[in-house]
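# Tertiary structure, described
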Amino acid sequence: MTDMTFRWREASLPDLASVSEIQLVVHQAFPEDDAVLADRIALSPAGCFMLDADGQSRGYVLSHPWLRDAPPSLNTMLGEIPGAADTWYIHDLALLPEMRGSGAGGGVLPMLEDVARTEGFRSMSLVSVNGSRGFWERQGFEVRMDERLALKLSSYGEEALYMERLLAR
């Protein structure tokens with residue numbers, strides 16, 4: 001990627017087609033239904049952003065409140081946010097290949113952290129897939145796995161890891 005300008009902006013339901021197209025490139029082995037993607041955007045629009053570069057959508061992030069140590073199963077409708085939600089869960093950060101290494105992935109994290117803090121959360125969590133552990137560790141996330149989580153994450157693939165980052169006060 002060279003000399004490409006980009007910016008993150010709030011996502012909304014009209015972005016669903018772009019989100020769907022991007023996830024089919026980035027998550028070929030584990031695509032999610034459009035209804036699941038729409039569910040995430042509708043439940044927590046404040047935590048969903050699109051990456052625009054040179055006039056095109058080239059990435060997205062979907063995030064929402066959830067329960068620590070209990071990530072939702074892949075390709076599952078949530079319907080609602082649990083009343084006991086205690087972490088800001090990053091459901092998916094997906095960048096098209098030409099955006100990797102651009103700084104865009106790390107650039108959206110302060111935005112998500114601001115949303116999480118504003119909503120009163122003291123941690124962010126996620127499931128690392130597709131060999132992204134190193135990226136997330138550079139963003140301050142740490143692996144938090146046990147046998148129960150390993151079993152739950154089996155639908156995400158063999159390399160899936162639950163990770164968490166505590167938010168400074």
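Residues numbered from 1 in each chain as written. Predicted model: local features only at pLDDT ≥ 70, side-chain atom pairs only at ≥ 80, totals over all residues. Heavy atoms only, no water.

### A few points about the overall build of the protein chain
Looking only at helices and strands, the protein chain features 5 helices and 7 strands. Ordered by position in the sequence, the α and β elements of the protein chain form the string β-α-α-β-β-β-α-β-α-β-α-β. On C-alpha atoms alone, the protein chain measures out to a radius of gyration of 15 Å, which is about the 15 Å that the 2.2 N^0.38 rule sets for 169 residues. Here the C-alpha coordinates of the protein chain stretch approximately 45 × 35 × 30 Å along the principal axes. The protein chain carries 15 positive and 25 negative side-chain charges, and their two centres are separated by 6 Å. (Helix = DSSP H or I, 4+ residues; strand = E, 2+ residues; numbered from the N terminus. Rg over C-alpha atoms; globule rule 2.2 N^0.38 Å. Lys, Arg positive; Asp, Glu negative; His and termini not counted. Charge placed at Lys NZ, Arg CZ, Asp CG, Glu CD.)

### A look at helix 2 (residues 34-43)
Looking at helix 2, one finds that the buried residues are Val 36, Leu 37, Ala 38, Asp 39, Arg 40 and Ile 41. Looking at the buried side of helix 2, the elements it contacts are helix 1 (16-26), strand 2 (48-53), strand 3 (56-66) and strand 4 (87-95). (Buried < 20%, exposed > 50% of the residue type's maximum accessible area, 1.4 Å probe, protein only. Contact = heavy atoms within 4.5 Å.)

### Regarding the packing of helix 1 against helix 2
Across the interface, helix 1 lies against helix 2 with an axial gap of 10 Å and an inter-helix angle of 125°. In terms of orientation, helix 1 lies oblique with respect to helix 2. In this structure, the crossing between helix 1 and helix 2 has a hand that is right-handed. Of helix 2, the residues touching helix 1 (which contributes Leu 16, Val 19, Ser 20 and Gln 23) are Asp 34, Leu 37, Ala 38 and Ile 41. Tallied by class, the residues present in the contact of helix 1 with helix 2 amount to 5 nonpolar, 2 polar and 1 charged. (Axes fitted to C-alpha atoms, helices over the stretch in contact; angles between N-to-C directions. Parallel < 35°, antiparallel > 145°, perpendicular 65-115°, else oblique. Left-handed = near helix turned anticlockwise from the far one by under 90°. Nonpolar A, V, L, I, M, F, W, Y, C, P; charged D, E, K, R; others polar.)

### Structural notes on helix 1
Burial in helix 1 covers these residues: Leu 16, Val 19, Ser 20, Ile 22, Gln 23 and Val 26. Of the surrounding secondary structure, the elements contacted by the buried residues of helix 1 are helix 2, strand 2, strand 3 and strand 4.

### Digging into unusual backbone geometry
Not every positive phi belongs to a glycine, and Asn 75 is a case in point at roughly 55°. For Asn 75, the location among the structural elements is in the loop between strand 3 and strand 4. A relative accessible area of 29% means that Asn 75 is categorised as partly exposed. Positive phi, close to 55°, is recorded for Asn 130, a residue that is not glycine. Among the secondary structure elements, Asn 130 is positioned in the loop between strand 5 (123-128) and helix 4 (133-138).

### Thoughts on the environment of Met 77
Relative to the elements of secondary structure, Met 77 occurs in the loop between strand 3 and strand 4. Taking C-alpha positions, Met 77 is 34 Å from Thr 5, a pair spaced 72 residues apart along the chain.

### A few points about the packing of aromatic side chains
Scanning the entire structure with this criterion turns up 3 aromatic pairs. On the numbers, 4.9 Å between centres and 75° between planes, the contact of Phe 135 with Trp 136 is edge-to-face. Residue Trp 136 is classed as buried on the basis of its relative accessible area, which comes to 6%. Ring-pair connections join several aromatic residues into one group, and the members of that group are Phe 135, Trp 136 and Phe 141. (Phe/Tyr/Trp six-rings, centres within 6.5 Å; stacked < 30°, edge-to-face > 60°.)

### A closer look at the pattern of salt bridges
Enumeration according to the criterion identifies 11 salt bridges in this entry. With its nearest N and O atoms 3.9 Å apart, the salt bridge here joins Asp 52 to Arg 7. With Asp 52 in strand 2 and Arg 7 in strand 1 (residues 6-10), this pair connects stretches of sequence that are 45 residues apart. The buried category is assigned to Asp 52, whose relative accessible area is 15%. Via salt bridges that share partners, Arg 7, Arg 9, Asp 15 and Asp 52 belong to a single interconnected network. (Salt bridge = Lys/Arg side-chain N within 4 Å of Asp/Glu carboxyl O.)

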